[in-house]
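# Report on the structure
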Amino acid sequence: MLTLDGLLIRQDDFKLKAEFSVDAGARVAVIGASGAGKSTLLNAIAGFLELSAGRLLWCGEDITGKTPGERPISMLFQDNNLFPHLTVAQNVGLGIDPGLRLSATQKDQVTEALRRVGLDGFEARKPGQLSGGQQSRAALARVLVQRKPLILLDEPFSALGPALKAEMLDLVGELAAETHATVLMVSHDPEDAGRFAALAVLVAEGQASAPVPVAELMANPPEALKDYLGR
Amino acid sequence: MARGAIEIRRAWLGWTAAGFVAAVVLVPLGAVIWQADLSGQALTADWAAVRFTLLQATVSAFTSVALAIPVARALARRRFPGRGLLITLLGAPFILPVIVAVLGLLAVFGRNGLLNGALGWIGVAPVSIYGLQGVVLAHVFLNLPLATRVILQGWQGIPAERFRLAASLGMRPRQVFRVLEWPMLRAVLPGAVMVIFALCLSSFAVALILGGGPRATTIELAIYQAFRFDFDLSRAAALALVQLVLAGGAAALALWLAVPPGFGAGLDRVVRRWEAERAGLRLFDGLAVGLAAVFLLVPLAIVFFNGVSGLARVPGSVWEAAGVSVVIALVSTSVTLILALGLARRGEIWGYLGLAVSPMVVGTGLFLLINPWASPIALALPVTALVNALMALPFAVRVLAPELARVEDDFGRLADALGLHGWARLRLLLLPRLRRPLSFAAGLTAALSMGDLGVVALFASPDWATLPLQMYRLMGAYRMEAAAGAALILLGLSLMLFWVFDRGGRVDVDA
């Protein structure tokens with residue numbers, strides 16, 4: 001279980017508060033207007049932003065003081081998810097050992113992960129030789145070998161077309177189900193949110209509220225969400 | 001907190017590098033201050049050197065920049081065959097050994113040079129290249145290209161749309177100058193003047209060969225003379241202190257004026273200039289570029305041709321010296337790269353210490369420190385490599401810092417999220433992503449070190465020399481053919497070192 005205990009993020013005159021828990025294995029969409037602080041929230045959970053107050057707990061363990069690499073978290077950013085100078089296999093291998101010293105078994109693991117995301121035979125390619133969708137798949141293969149229990153998605157598929165985006169979200173869903181991972185996904189598309197996640201966290205007016213079922217939120221949106229949805 | 005932990009882990013290389021630079025610069029400075037004889041008598045004797053240093057640097061800076069303006073303007077608004085090559089060559093004097101340039105200038109403007117040959121033929125009295133005019137001539141030769149590139153960048157910073165608008169408004173050249181070009185020049189020129197002024201303040205090799213005597217001695221040269229001729233260490237230290245204040249002040253001022261780096265990309269764009277399409281202006285631009293090219297290329301061409309015929313007369317000592325110089329260049333390149341990598345993230349300011357202190361000042365300090373314990377001559381090789389590394393460090397840091405910032409911006413979070421730290425981060429992220437700027441910085445450092453004639457003159461013994469020093473000795477002994485051969489070898493090695501390193505960073509690089 002991920003617990004945000006009295007979380008406060010302060011950046012200049014921007015403030016964001018959060019106080020809720022997410023059950024292990026849950027899939028949660030983080031929705032809200034652009035600039036509301038969705039990415040900020042994910043960056044704070046991942047350890048890229050310092051908390052002004054509060055604690056972060058994973059399964060009861062305080063992870064507030066840990067570096068991003070030490071946290072039980074895989075994160076995909078909007079862009080730059082792959083190192084362009086390393087091969088696909090190396091990029092995926094980094095998820096197992098950041099020093100890239102891999103045993104034969106671990107190399108097999110990389111191959112297997114690439115096969116799982118439909119990139120078998122692409123080991124030696126560089127990211128520049130892949131299409132946008134293939135790059136996303138390679139990044140997902142790394143998430144797969146990382147085996148981290150918490151996956152954060154900061155709109156990594158926003159540059160893909162609708163069909164491809166849906167395909168990627170389905171793939172994330174499958175992979176998360178295999179590893180029993182918890183997923184937090186930033187989205188500004190209510191349709192994506194409903195398709196992928198059962199729960200949604202609304203970020204608005206300096207507050208990230210506790211997750212509620214997506215259907216419920218959409219059926220009975222609070223004022224802030226109404227404005228955003230244009231209803 | 002989380003961020004703090006990452007920063008500490010990442011910062012150790014930076015702190016080590018900053019500490020090292022601070023130690024090898026500040027400790028010698030301390031020795032200089034400790035030893036300096038600041039009694040009135042010592043300072044009055046060297047007042048002439050201070051005055052001459054300031055005078056020649058001022059005249060050199062203003063002349064270089066004034067001559068660079070028409071050349072840069074012509075390059076900014078004309079397209080002609082060889083333009084790209086000429087702009088590339090304008091970057092070359094930076095890695096051109098000073099002593100080679102001086103030899104070329106002697107061949108044109110010296111006592112038996114082309115100019116005096118022509119003057120004698122038409123019955124005019126010969127002109128002398130020695131003294132203030134020679135020092136300024138050499139400084140303009142060395143810095144005109146830098147000034148041209150800096151000002152050209154300013155010109156190219158003016159968006160093409162502005163010139164289009166000016167054309168649609170029917171502005172005449174004078175109006176375009178007032179509205180568009182003058183504001184740009186007012187922003188760019190002070191920095192250009194200041195940088196060249198600062199570079200000329202620390203001039204040693206030029207003054208050593210073309211200056212000298214009570215009327216044309218720079219402070220750097222006076223430090224050297226206090227060492228070599230009088231072995232008056234406290235006077236050398238006092239001079240070093242004066243030099244430190246002057247050069248440090250000038251460097252701080254130059255940095256404060258935020259000078260654009262002279263070696264940037266994107267100089268190959270020519271903006272269409274409707275108002276300048278008249279025969280008179282074309283002719284003027286052609287003259288500016290033509291004269292600049294002749295001034296810069298003829299001396300080098302002569303060095304080349306004399307060098308080819310002099311190669312056969314080169315004594316074995318030159319080849320030994322060439323070997324020594326290459327070793328020193330490689331050592332200082334390694335030191336500079338390691339330090340620059342450490343400092344490029346947050347310690348840029350430490351890297352610039354090398355600009356504030358001149359080689360002679362650090363050399364004097366190191367000499368004072370070493371002298372009580374060991375023979376400074378025995379340590380000449382490592383000291384020369386170290387000082388050369390420090391002198392190239394500002395340029396290496398300047399090249400690396402923005403690139404490193406970009407890599408960290410693009411991939412820092414990903415690397416953190418994957419737990420890429422320390423050696424793994426260096427090996428898997430930084431080195432591969434920074435290959436091009438690193439190679440370029442390595443090329444610059446190696447070439448600068450190869451051609452440097454500075455601190456080595458303080459420390460060297462008669463049976464040992466670097467190639468520039470050996471070449472200087474040959475010139476001093478009037479063995480001009482052998483010196484010309486040595487100059488060609490020196491020029492070739494400098495360019496080759498630069499080319500090999502820089503090239504190494506360009507082949508097989510991924511997007």
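Conventions and cut-offs
Residues numbered from 1 in each chain as written. Chains lettered and ligands numbered in written order. Predicted model: local features only at pLDDT ≥ 70, side-chain atom pairs only at ≥ 80, totals over all residues. Heavy atoms only, no water. UniProt positions renumbered as here; feature names shortened; annotations may be inferred. Helix = DSSP H or I, 4+ residues; strand = E, 2+ residues; numbered from the N terminus. Contact = heavy atoms within 4.5 Å. Lys, Arg positive; Asp, Glu negative; His and termini not counted. Charge placed at Lys NZ, Arg CZ, Asp CG, Glu CD. Buried area = accessible area lost by both parts, 1.4 Å probe. Polar contact = N/O pair within 3.5 Å; in protein donor to acceptor, adjacent residues only side chain to side chain. Nonpolar A, V, L, I, M, F, W, Y, C, P; charged D, E, K, R; others polar. Patch = residues over 30% accessible without salt bridge, like charges linked within 9 Å, V, L, I, M, F, W, Y side chains within 5 Å. Areas by Shrake-Rupley, 256 points an atom, 1.4 Å probe, with all protein chains shown as cover. Salt bridge = Lys/Arg side-chain N within 4 Å of Asp/Glu carboxyl O. Buried < 20%, exposed > 50% of the residue type's maximum accessible area, 1.4 Å probe, protein only. Pairing = 2+ DSSP bridges. Axes fitted to C-alpha atoms, helices over the stretch in contact; angles between N-to-C directions. Parallel < 35°, antiparallel > 145°, perpendicular 65-115°, else oblique. Left-handed = near helix turned anticlockwise from the far one by under 90°. Phe/Tyr/Trp six-rings, centres within 6.5 Å; stacked < 30°, edge-to-face > 60°.

Going by the annotation in an unreviewed UniProt entry, the name recorded for chain B is Thiamine/thiamine pyrophosphate ABC transporter permease ThiP, with Marimonas arenosa given as the source organism. In its Subcellular location (unreviewed entry) section, the UniProt entry covering chain B states "Cell membrane".

The name an unreviewed UniProt entry assigns to chain A is Thiamine ABC transporter ATP-binding protein, from the organism Marimonas arenosa.

Here we take up the overall build of chain A. The helix and strand tally for chain A stands at 8 helices and 11 strands. Taken along the three principal axes of its C-alpha coordinates, chain A extends 50 × 40 × 30 Å. A fraction of 67% describes how many contacts in chain A between residues 6 or more apart in sequence connect residues 24 or more apart. Distance between charge centroids for chain A: 4 Å, based on 22 positive and 28 negative side chains.

The partner chain B presents 25 residues to the 30 residues of chain A that form the contact. When chain A packs against chain B, close to 2,500 Å² is buried across both sides, 62% of that on carbon and sulfur atoms. The three residues of chain A that bury the most area against chain B are A:Phe48, A:Phe83 and A:His85, which together make up 24% of that side's buried surface. Inspection of the region where chain A meets chain B yields 5 residue pairs in polar contact (both at pLDDT 80 or more). For the side of chain A that touches chain B, a count of residues per class yields 11 nonpolar, 12 polar and 7 charged.

All right, on to a nonpolar patch on the surface then. Residues and elements named next belong to chain B. Together, Leu26, Ile349 and Trp350 line one region of the surface with nonpolar side chains, adding up to about 290 Å² of accessible area. Within the fold, Trp350 resides in helix α15 (residues 348-351). Note on Trp350: relative accessible area 31%, which makes it partly exposed.

Applying the stated criterion across every chain yields a total of 16 salt bridges over all chains. Among the salt bridges present, the one from A:Glu178 reaches A:Arg116, with a minimum N-O distance of 2.7 Å. Pair noted here: A:Glu178 is in helix α5 (residues 162-179) and A:Arg116 is in helix α3 (residues 104-116), with a separation of 62 residues, a long-range link. On the accessibility criterion, A:Glu178 (40% relative accessible area) is partly exposed. Between B:Arg406 and B:Glu403 there is a salt bridge; the shortest N-O distance is 3.0 Å. Within this pair, B:Arg406 and its partner B:Glu403 are both found in helix α18 (residues 380-417), separated by 3 residues, close to a single helical turn. Using a relative accessible area of 51% as the deciding quantity, one classes B:Arg406 as exposed. B:Glu403 gets classed as partly exposed once you look at its relative accessible area, which sits at 26%. Each of A:Asp5, A:Arg55 and A:Asp62 takes part in one network of salt bridges that share partners.

Right, let's get into the UniProt feature "domain: ABC transporter" (unreviewed entry) in chain A. Under the UniProt annotation, the feature "domain: ABC transporter" (unreviewed entry) is placed at residues 2-230 of chain A. Across residues 2-230 of chain A one finds 35% helix and 24% strand; the C-alpha atoms that close the span lie 32 Å apart.

What follows is about the pairing of strand β3 (residues 27-31) of chain A. Strand residues, when the strand is regular, have side chains that alternate between the two faces of the sheet. All names here are of chain A. Taken across its 5 residues, β3 has 4 buried, putting it largely inside the fold. Sheet analysis places β3 next to strand β8 (residues 182-186), joined by 4 bridges and oriented parallel. Following the sheet pairing, Arg27 is matched in β8 by Val183. As paired elements, β3 and strand β9 (residues 199-204) share 4 bridges and run parallel to each other.

Residues and elements named next belong to chain B. Interhelical geometry of helix α11 (residues 219-228) versus helix α12 (residues 233-256) gives an angle of 165° and a closest axis separation of 8 Å. Accordingly, the angle class assigned to the pair α11 and α12 is roughly antiparallel. The two elements α11 and α12 cross, and the hand of that crossing is left-handed. Contacts from Ile219, Glu220, Ala222, Ile223, Ala226 and Phe227 in α11 reach Leu233, Arg235, Ala236, Leu239, Ala240, Val242, Gln243 and Leu246 in α12. Its residues placed into classes, the contact of α11 with α12 shows 11 nonpolar, 1 polar and 2 charged.

All names here are of chain B. Applying the stated rule across the entire model yields 12 aromatic pairs over all chains. Relative to Phe367, the ring of Phe231 has its centre 6.0 Å away and its plane inclined at 65°; by these criteria the two rings are edge-to-face. With Phe231 in the loop between α11 and α12 and Phe367 in helix α17 (residues 359-370), this pair connects stretches of sequence that are 136 residues apart. The exposure class of Phe231 is partly exposed, given its relative accessible area of 47%. Between Phe440 and Phe498, the ring centres sit 5.9 Å apart and the planes meet at 75°, which makes this aromatic pair edge-to-face. Here Phe498 lies in helix α23 (residues 480-504) and Phe440 lies in helix α20 (residues 435-451), a separation of 58 residues in the sequence. We classify Phe498 as buried; its relative accessible area is 17%.

Residues and elements named next belong to chain A. In terms of burial, β9 is largely enclosed, as 5 of its 6 residues are buried. The pairing of β9 with strand β11 (residues 212-213) spans 2 bridges and is antiparallel. Residue Leu199 lies in a different strand from β11, and its bridge partner there is Pro213. The sheet contact formed by β9 and strand β10 (residues 207-208) spans 2 bridges and is antiparallel. Counted as the bridge partner of Ala204 is Gln207 from β10. Between the end of β9 and the start of β10, which pair antiparallel, lie 2 residues, with Glu205 showing a positive phi angle near 50°.

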